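# An overview of the molecular structure
Here are the chains, one letter per residue:
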Amino acid sequence: MSSTDGRRHVVIVGGGFAGLGCARRLAEHDHVRVTLIDRNNYHQFQPLLYQVATSLLAPSDIAHSLREVFADQDNVDVKLAEISTVDPASRTVTSTGGDQWSGDALVLAAGSQPNFFHTPGAAENSFPLYSLDNATRLRSRILGLFEQVDRNPDLRRRGALNFVIVGGGPTGVEVAGALADMVRETVPTEYRGIDPDSAHIFLLDYGDALLTPFSDKAHKYVAKVLTDRNVELRLGTGVKEVATGHALLSDGAVIPTRCVIWGGGIMAAPIAAECGLAQGTGGRFDAQPDLTLAGSPGVYVVGDIANIAGDDGKPLPQLGSVALQSGKTAADNVLADFAGKPRTPFAYRDKGIMAMIGRGAAIAEVGKNHHEVHGQLAHVAWLGVHASLMTGTRDKIEAIIDWGWDRFTKTGGPHVLDRGEAAEIDWEDDEVVASGAGTKPGPTNPA
Ligand SMILES: Cc1cc2nc3c(=O)[nH]c(=O)nc-3n(C[C@H](O)[C@H](O)[C@H](O)COP(=O)(O)OP(=O)(O)OC[C@H]3O[C@@H](n4cnc5c(N)ncnc54)[C@H](O)[C@@H]3O)c2cc1C
């Protein structure tokens, strides 16, 4: 399905920040047509997945129809398809259903998938948080546990209210804070028989600080906010194994739990391995400075699927801003190729980083000099930045209403248990998947 009408054809795989940034920029040019392919018919706003998982926002607040985004651009054609193979030489992609698309340029923007680092049982038994599907599944598991304990308080002894969060980066910290707020403020009003103190939230990280890209002062602030909200920090500790009924930690401790939340790391989306090309750190493609792929003319790699070097030559972190900006630069370079002009190297404009730690508590490093702000001010900045980045006006308004409602009522958003399969638990099934020690360690229930 290459160009037949004289217009140059660009195929983009992935409608996340990178793919959307690229498609929007190309859509401004009538001499180009774009086929934007995604396995979902919506763009999902990943930074707010944790708010869906902890019932602060509704799924529809953070998902926006890709067809609606491009409704006014007739040179962008959205296709719902999961790409399974990529032929960089002919710039052709093939879907699981056998459909094929070939372009004069091909932009790979398929993002990431969770990296379980070969931890036994983690892929099968933990709850990653990288897609809307993950977030609704986790929300149903959390609510399902509260429902089950409400019916049968004895289940607390089996670890029903122990939540183990793996990874002290933004995903782990944000979900820990939001879950702590839910337990302290929402649970007592909706599950009146459950004592919030009987719930335990553990946050594990192999490192000695949370949110490592921030300053030491910020590390102390984050640790204090979370411990004040009853989150138990286990720094210098990771998870060695995730079984159906417990987590085995690297220090030998065993936590009975039915909810291990995986924020432990990411790697390139599976299609990176399908191209038959060299993969760098994290299975990602090493992008050239102009975001092309070495040895594959007309193929661009952008966003989380690529290692993109910053000014210092080191790979930039996997961030929405890097993805969006790289998508736009790739579009400019595709247009330059079509016009026979030289490409421009990617130059990241760093506007800072921020993370929400819980209601009224956030941390932000803003501006070129990374000026650090904590607390309410950072919370307000966080709300403003995230609302402005959301794709549709309706999404922005709905999210702002939900945040405002939660701020004043502390009741959170929709507590909807809509994924019955995620809430279903076989309490008899409590075997260790594989134990490095060779024996099943005795449960140590902190409840
Ligand atoms: C929980 C969480 C919190 C985050 N918080 C922040 C934050 O606060 N600030 C920040 O800057 N960044 C944050 N990030 C990182 C940021 O969301 C990512 O860097 C960004 O989404 C990457 O954009 P992308 O377009 O490369 O990939 P994605 O946004 O992952 O988009 C990839 C798209 O490709 C599609 N796709 C994948 N494989 C296929 C296939 N085979 N066929 C068809 N379609 C496919 C997917 O459906 C998806 O729509 C967070 C990430 C997560 C997971």
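In case you missed it, the structure is sitting above this.
Given the structure is predicted, the values throughout are model-derived calculations rather than measurements.

## A word on the site of the ligand
Near the ligand lie 28 residues; those nearest to it are Ala18, Asp38, Ile83, Asp304 and Gly320. Residue Asn40 places a side-chain N or O atom 3.4 Å away from an oxygen atom belonging to the ligand. Gly320 is positioned with one of its backbone polar atoms (N or O) 2.9 Å from an oxygen atom of the ligand. In isolation the ligand has 990 Å² of accessible area, and contact with the protein removes 92% of it. Those elements that place two or more of their residues in the shell around the ligand are helix H1 (17–27) and helix H10 (320–339). Looking at the shell around the ligand, its residues break down into twelve nonpolar, twelve polar and four charged.

## Here's the deal with unusual backbone geometry
At Ser55, a position not held by glycine, the phi torsion is positive, near 65°. Within the secondary structure layout, Ser55 lies in the loop between helix H2 (49–53) and helix H3 (59–62). Overall, Ser55 belongs to the buried group, its relative accessible area being 0%. Here Asn230, not a glycine, exhibits a phi torsion of approximately 70°, which is positive. In this fold, Asn230 is placed in the loop between helix H8 (216–228) and strand E14 (231–235).

## Remarks on the sheet that holds strand E9 (residues 105–108)
Two modes of strand pairing occur in sheets, parallel and antiparallel, and in both the strands are linked by backbone hydrogen bonds. In space, the six strands of this open sheet follow the order E5-E2-E1-E9-E22-E21, with mixed pairing throughout. Looking at which strands have only one partner, the edges of the open sheet turn out to be strand E5 (76–80) and strand E21 (292–293). Pairing analysis gives five bridges linking strand E2 (residues 32–38) to E5, with the strands arranged parallel. When the sheet's bridge partners are listed, Leu36 is paired in E5 with Val78. Contacts from H10 reach strand E1 (8–13), E2, E9 and strand E22 (296–301) within the one sheet, and its direction differs from that of E22 by about 160°.

## A look at the packing of aromatic side chains
By the definition in use, this model includes four aromatic pairs. Judged by centre distance (5.3 Å) and plane angle (50°), the ring pair of Phe116 and Trp262 falls under tilted. Of this pair, Phe116 sits in the loop between strand E10 (112–114) and helix H5 (122–125) while Trp262 sits in strand E18 (residues 259–262), and the two are 146 residues apart along the sequence. Take Phe116 and Trp262: they sit in the same class, and that class is buried. Both rings, one in Phe146 and one in Tyr191, keep their centres 5.6 Å apart while their planes meet at 35°; by these two values the pair is tilted. Here Phe146 is found in helix H6 (residues 132–151), whereas its partner Tyr191 is found in the loop between helix H7 (170–190) and strand E13 (200–205), with 45 residues between them in sequence. Neither Phe146 nor Tyr191 differs from the other in exposure class; each is buried. Three or more aromatic residues link up through ring pairs in this structure, and these residues are Phe146, Phe163 and Tyr191.

Conventions used here
- Residues numbered from 1 in each chain as written.
- Predicted model: local features only at pLDDT ≥ 70, side-chain atom pairs only at ≥ 80, totals over all residues.
- Heavy atoms only, no water.
- Near = heavy atom within 4 Å.
- Polar contact = N/O pair within 3.5 Å; in protein donor to acceptor, adjacent residues only side chain to side chain.
- Areas by Shrake-Rupley, 256 points an atom, 1.4 Å probe, with all protein chains shown as cover.
- Helix = DSSP H or I, 4+ residues; strand = E, 2+ residues; numbered from the N terminus.
- Nonpolar A, V, L, I, M, F, W, Y, C, P; charged D, E, K, R; others polar.
- Buried < 20%, exposed > 50% of the residue type's maximum accessible area, 1.4 Å probe, protein only.
- Pairing = 2+ DSSP bridges.
- Contact = heavy atoms within 4.5 Å.
- Axes fitted to C-alpha atoms, helices over the stretch in contact; angles between N-to-C directions.
- Phe/Tyr/Trp six-rings, centres within 6.5 Å; stacked < 30°, edge-to-face > 60°.

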